Structures are given as C-alpha cells and as structure tokens.
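# An overview of the molecular structure
Given next are the chains, with one letter for each unit.
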Amino acid sequence: MRLEKCWFCSSTVYPGHGIQFVRNDAKIFRFCRSKCHKNFKMKRNPRKVKWTKAYRRVHGKDMTQDSTFEFERKRNRPERYDRNLADNVLKAIPKIDKIRVSREERHHKNRMKENEAKGQREAKKELEQSISLVKAPSALQQDPSLTLPKTIVKVSQQKSEENPLMEE
Amino acid sequence: MAASFASRCSRVGRSLFGGLSNNSPGLFTTSHEMTCNNYFSQQQRTFIQMRTVLKVVDNSGAKKVMCIQALKGKKGARLGDTIVASVKEAHPNGKVKKGKVVYGVVVRAAMQKGRCDGSEVKFDDNAVVLVDKQGQPIGTRVFGPVPHELRKKKHVKILTLAGHIA
C-alpha cells in the first residue's frame, strides 16, 4: 500500500480513491478526486490555479524548503522489515508532523507581519476622517477630548449648506 | 452524440467568424476551439465493441484494426480482454496483411478499469496486441505502456515484451 500525491493539488491519495491516468509516454498522473481530474483535462496549469499546493509554493504562500520534507521523499528501494525500525518510524511520524506544522505556522505569521502595522495606520486614518459617523460634529466641537487633536472641522458652514440640499 | 453536436457547432462558428472578421481570425477561432475542447474532454469512455478501431502496438505488420467481436462480455471488451478484429491498415511488408481476421488483446483502453485496491486506471487511447488463437503474440516487440492486469489474464509473454508496465 502506498500513499500517493495528487498530481494537481498535491494532496495525499489514499487507497481506494481517485483515478490514475497513464499517458502514452508512460507517465502516470494520479488524481485525488474528479475535481483535479477535470481540471487536468481542461489543461489547466496547477501553478496558476489558486487552491493548489503548487500555486502556494510558487507564490511564497507556503514553506518551500525545509528539512522536515526530506522525511517524505519517495524512496524506491524496498526496506527489509525490521521491527525496531518500524516501531521507531511510527513513533517519529507524529513528532515530525508537529514540527512541520509549527514551522508552517511560523512562516505564515512572518508573512502576515506587515498587516498589523498597516491595519493600525488604516484605523487611524478612518478615525480622522469618519468620526462624524459616530458622534455628531457639534458634540465634538463642544467636547474636544473626544477627537484626535488635529482634525476639528469648522461645522457651521457645512450645516447651512446641507439644509437647502435636504429641502430640495 | 455530444461529439457530433460539438463538431457541428464548431463548423457553424468557424464559418460565421470567417465571414465577420478577416483581421484577427486566429484569436476568435482559438477561443472558440477552446470551448469546443471542453466539450470534447467530457467524452464518456465506453467499451470496445463492434466497429471500434484500435491502434496496433506491436511489430506484427498491422497498424489499425477494427473490432468485429468482443469475446467475453455482453457490452464489449475492456482492458485485458481478447477481441476478434479485422485488419484495416497494415505496413506493406509485414506478417499480417490488410483484410485478415485476427485475434487481439486489449492493452490500453480509454475506459477506466477498476483495480483491486479500489483505484481506477485509464489510458490515453485504445490499443491492441495481435495474438494467435493460443494467446501467443504474433509480433516480437510491444510499444508503449501496458497494464499489469495482463498478468492475471495469463498474457505473461506480452508483459515480458513490454517496455513499460503501468
């Protein structure tokens, strides 16, 4: 029994799932489900289809190089069965998974770091510009502690302009 | 039926586009071809039955062969089955001549075949290897990949001649 990788989306194909397509040049394409198979028949390039692992790797969304990936490399040499070795491998698999997941999370966090500062800047700008949606401008004028220091707008002119517009 | 409709719509489309625009025919026809390609790729692959033309992938001399009868199987032959066929196209000097009735083993089928582990295999085309009545291949070489379903059907000789086993 062997767990293969889907050619299109790179997810694991478990036994009993999927279709494998053998091309005449003897290259075998395995697909995990008909969604990937149909995309392949449409001749879509997985590197350009957003939800595939290939796209995410190419565009730097997911980790590309890591030592934990070495453990999953395909080895074509059959190993003689050794009970101790098998036992050690079975114990190591969850540990390696945990490490890989934590490294991927770290990569994701690094990628999203700039969003925090950007969010702060945008929030500040929104406060400056649209505070009138929250509190009436006249209230702000009377109680200057509610606003940010720079942004007090002369309101009386605006009000008189608004009224004829509303009457119309 | 879907294929014929698609070919009809492509012919109509091409004539329309040819009349309308002479400047950039390439652009229009390629976009229309792509939509027609989507139609073609949704073909329903079925059994190999009477009148199915198959490719011959050994060096027996024949090139194309038309199935006359699928031995075993009410609906038709699948991957690994034997068929009776008539040679439609042959190399000029080969062991097998045009018009001869031969037996063949289907080594590649576009219709998917279920494997015992639950997965399915399908190939790119329909191909056959000519054999004699006893099941021994007539040719001495086999081209392209063959499935290992042949081992169960006792066509071991074909497997040994094959370059690649899928």
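Here, the structure is the one placed above.
The present account deals with the structure reproduced in this document.

Calculation notes
Residues numbered from 1 in each chain as written. Chains lettered and ligands numbered in written order. Predicted model: local features only at pLDDT ≥ 70, side-chain atom pairs only at ≥ 80, totals over all residues. Heavy atoms only, no water. Helix = DSSP H or I, 4+ residues; strand = E, 2+ residues; numbered from the N terminus. Buried < 20%, exposed > 50% of the residue type's maximum accessible area, 1.4 Å probe, protein only. Areas by Shrake-Rupley, 256 points an atom, 1.4 Å probe, with all protein chains shown as cover. Salt bridge = Lys/Arg side-chain N within 4 Å of Asp/Glu carboxyl O. Contact = heavy atoms within 4.5 Å. Buried area = accessible area lost by both parts, 1.4 Å probe. Polar contact = N/O pair within 3.5 Å; in protein donor to acceptor, adjacent residues only side chain to side chain.

### Some points on the overall build of chain B
Looking only at helices and strands, one finds 4 helices and 9 strands in chain B. Along chain B, from the amino end to the carboxyl end, the secondary structure elements read α-α-β-β-β-β-β-β-β-β-α-α-β. When burial is assessed residue by residue, chain B has 39% of its 166 residues classed as buried. Accessible surface for chain B amounts to roughly 9800 Å². Of this, 56% is attributable to carbon and sulfur atoms.

### Let's talk about the pattern of salt bridges
Residue and element names in this part refer to chain A. Summed over the entire model, instances satisfying the criterion amount to 14 salt bridges over all chains. With a closest N to O distance of 3.4 Å, Glu-4 and Arg-30 form a salt bridge. Here Glu-4, found in strand E1 (residues 4–5), pairs with Arg-30, found in strand E4 (residues 28–31); they are 26 residues apart in sequence, far enough to count as distant. By relative accessible area, which is 18% here, Glu-4 ends up buried. Through salt bridges with shared partners, one network takes in Lys-5, Glu-72, Asp-97 and Arg-100.

### Considering the interface of chain A and chain B
Tallying the contact residues gives 14 residues for chain A and 18 residues for chain B. Both sides together, the interface formed by chain A and chain B hides about 1400 Å², and carbon and sulfur atoms give 53% of it. Area buried by chain A at its contact with chain B is led by Gln-20, Val-22 and Asn-24 of chain A, which between them contribute 37% of it. Where chain A meets chain B, there are 0 salt bridges. Between the two partners, chain A and chain B, sit 9 residue pairs in polar contact (both at pLDDT 80 or more). Taken together, the elements giving at least two residues each to the side of chain A that touches chain B come down to strand E3 (19–22) and helix H1 (34–41) of chain A. The element that contributes the greatest number of residues to the side of chain A that touches chain B is E3 of chain A, accounting for 4 residues.

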